[in-house]
Amino acid sequence: MNARCRYEGRHNRYAERGITICQKWQDSFDAFLADVGKKPTPAHSLDRFPDRGGNYEPGNVRWATTQQQADNKGNRIVVRLDGRHVFLKEAADILGITVPAAYGRYVAGQLVGTKLDSDTTLGAQR
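What you see is a predicted model, and the numbers here were worked out from it, not measured in a lab.

A. Broad picture of unusual backbone geometry. One non-glycine residue, aspartate 82, adopts positive backbone phi at about 55°. In this structure, aspartate 82 sits in the loop between strand 3 (77-81) and strand 4 (84-87).

Set out below in structure tokens:
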């Protein structure tokens, strides 16, 4: 979190996008720990959620698995299938087709959906 936000480097897109850490956490690791808690397992890392475009601050940070973070990416496509919203990969699994085939159906308008933007989470789509 600190490296992503506080050090402006050649490839630091967090600092470039103005993503910050709340002052409370910058001033005290104990305050961060009290708000977020200890890392549950080595497989978890910090994730800005539910507002993936927001800052590192209370209420917008969680410990998440790699899969949870992948699901929270801004370039995910959500489609409507069987009356619910699912990610394109899940739709492909349900339909028994490959992800490229599902994407082809999405592009052809056979799977209605949307690309998630920085202000949308899947939870809000369901």
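B. Expanded view of the confidence of the model for the protein chain. Averaged over the protein chain, the pLDDT score is 81; the fraction of residues at 70 or greater is 84%. Element-level pLDDT for the protein chain is lowest in helix 8 (residues 122-125), with a mean of 39, against a maximum mean of 96 in helix 4 (residues 29-36). For the stretch residues 116-126, pLDDT sits under 50, and the model shows 24 contacts to residues farther than four places along the chain or on other chains.

C. Focus on the packing of helix 6 (residues 88-95) against helix 7 (residues 99-107). At a closest axis distance of 9 Å, the pairing of helix 6 and helix 7 adopts a crossing angle of 105°. Looking at the two axes, helix 6 sits roughly perpendicular to helix 7. Between helix 6 and helix 7, the residues in contact are Leu88, Lys89, Ala92 and Leu95 and Val99, Ala102, Tyr103, Arg105 and Tyr106, respectively. Per-class residue counts for the contact of helix 6 with helix 7 are seven nonpolar, no polar and two charged.

Conventions we followed
Sequence order as written defines residue numbering, which begins from 1 separately in each chain. This being a predicted model, a pLDDT of at least 70 is required before a residue's local features are given, and a value of 80 or more before pairs of side-chain atoms are given or counted; all residues contribute to the totals for chains, interfaces and linings. The basis for every side-chain value is the complete set of non-hydrogen atoms in the structure, without hydrogens or water. Numbering goes from the N terminus for both helices and strands, where a helix is a DSSP run of H or I of at least four residues and a strand is a run of E of at least two. Confidence of the prediction at every residue is given by pLDDT, a number between 0 and 100. When checking whether two residues touch, look at their non-hydrogen atoms; a contact exists if any pair is within 4.5 Å. To get an axis, fit a line to the C-alpha atoms, keeping to the stretch in contact for a helix; angles then go from 0 to 180 degrees between the N-to-C directions. Note that the term roughly parallel is reserved for angles under 35 degrees, roughly antiparallel for angles over 145, roughly perpendicular for angles of 65 to 115, and oblique for everything else. Gly counts as polar in this scheme, as do all residues outside two lists: the nonpolar Ala, Val, Leu, Ile, Met, Phe, Trp, Tyr, Cys and Pro, and the charged Asp, Glu, Lys and Arg.

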